[in-house]
Amino acid sequence: NAGVTQTPKFQVLKTGQSMTLQCAQDMNHNSMYWYRQDPGMGLRLIYYSASEGTTDKGEVPNGYNVSRLNKREFSLRLESAAPSQTSVYFCASSRGWDSPLHFGNGTRLTVT
Amino acid sequence: GIQVEQSPPDLILQEGANSTLRCNFSDSVNNLQWFHQNPWGQLINLFYIPSGTKQNGRLSATTVATERYSLLYISSSQTTDSGVYFCAVLTGGGNKLTFGTGTQLKVEL
């Protein structure tokens, strides 16, 4: 089992460029999440999808969009990247709110 | 929103020592989890423990939900235990975990 797989591992963007971070899980989990991790700020939820077909905003959704493509895949899109979006992005999944959360290995994004 | 505080913020141990990490939260919770972020940045789920005590090898965790705290015990620490330990809680009927700011642990030879 691969668990939660994120691509790419690293990315450098120029201000204004767009990109999509991909995430897939093979654990048949219902819920998927996108977090960002910044020094001194801990992990903050960007968007989540409680089940296939639904998405909801988290704590810091501005500047991002998401798509729950199917039960396995949940992508995060930056339409016009800004330096403030330089961060490490983690995708995670769980069976539901009452079960353990499993993380991917992260994507380190730098916006110059 | 709920406040999640972890202590100590930093901890240095000699290999073989024991330690206790604490997570305090400001409201009742439905769900509490402990994670370890290793020096390579990977986040590993250690425990799902909304109440009671669980053990996994040298690690154990106890959550006293009525008193709004959880403890993570590390016994006979090893250098591979180094990293940041996070607790995260879920409140009410929501579906979103709130993370504490972590305890940075360094285990030295």
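Just above, that's the structure.
Residues numbered from 1 in each chain as written. Chains lettered and ligands numbered in written order. Predicted model: local features only at pLDDT ≥ 70, side-chain atom pairs only at ≥ 80, totals over all residues. Heavy atoms only, no water.

**A look at the nonpolar core**
Generally speaking, nonpolar side chains in soluble globular proteins are found buried as a group. Trp34, Phe47 and Leu72 of chain B are the most contacted members of the largest nonpolar core, which totals 21 residues. At the level of elements, β3 (19–25), β4 (31–37), β5 (43–48), β7 (59–64), β8 (69–74), β9 (83–90) and β11 (103–108) of chain B are the ones that each hand at least two residues to this core. Leu21, Ile46, Cys91 and Leu109 of chain A belong to the second largest nonpolar core, which has 20 residues in total. (Core = buried A, V, L, I, M, F, W, Y, C linked by side-chain atoms within 4.5 Å. Buried < 20%, exposed > 50% of the residue type's maximum accessible area, 1.4 Å probe, protein only. Helix = DSSP H or I, 4+ residues; strand = E, 2+ residues; numbered from the N terminus.)

**Considering the sheet that holds strand β3 (residues 19–25) of chain A**
Residues and elements named next belong to chain A. Read from one edge to the other, the open sheet built from four strands follows the order β1-β3-β8-β7, with strand pairing classed as antiparallel. Taken across any chain shown, the strands that pair with only one partner, and hence form the sheet edges, are β1 (4–7) and β7 (64–68). Within this sheet the neighbouring strands show an average axis-to-axis angle of 15°, counted without direction. Sheet topology places β3 next to strand β8 (residues 74–78); three bridges connect them, and they run antiparallel. By the bridge assignment for β8, Thr20 is matched with Arg77. (Pairing = 2+ DSSP bridges. Axes fitted to C-alpha atoms, helices over the stretch in contact; angles between N-to-C directions.)

**Points about the side chain of Ser93 of chain A**
All names here are of chain A. Note that Ser93 resides in strand β9 (residues 87–94). According to the relative accessible area criterion, Ser93 is buried, its value standing at 0%. A polar atom in the side chain of Ser93 sits 2.8 Å from the side chain of His29. With residues up to four places along the chain from it excluded, the contact list for Ser93 reads Val4, Gln25, Met27, His29, Ser31, Met32, Tyr33, Pro100, Leu101 and His102. (Polar contact = N/O pair within 3.5 Å; in protein donor to acceptor, adjacent residues only side chain to side chain. Contact = heavy atoms within 4.5 Å.)

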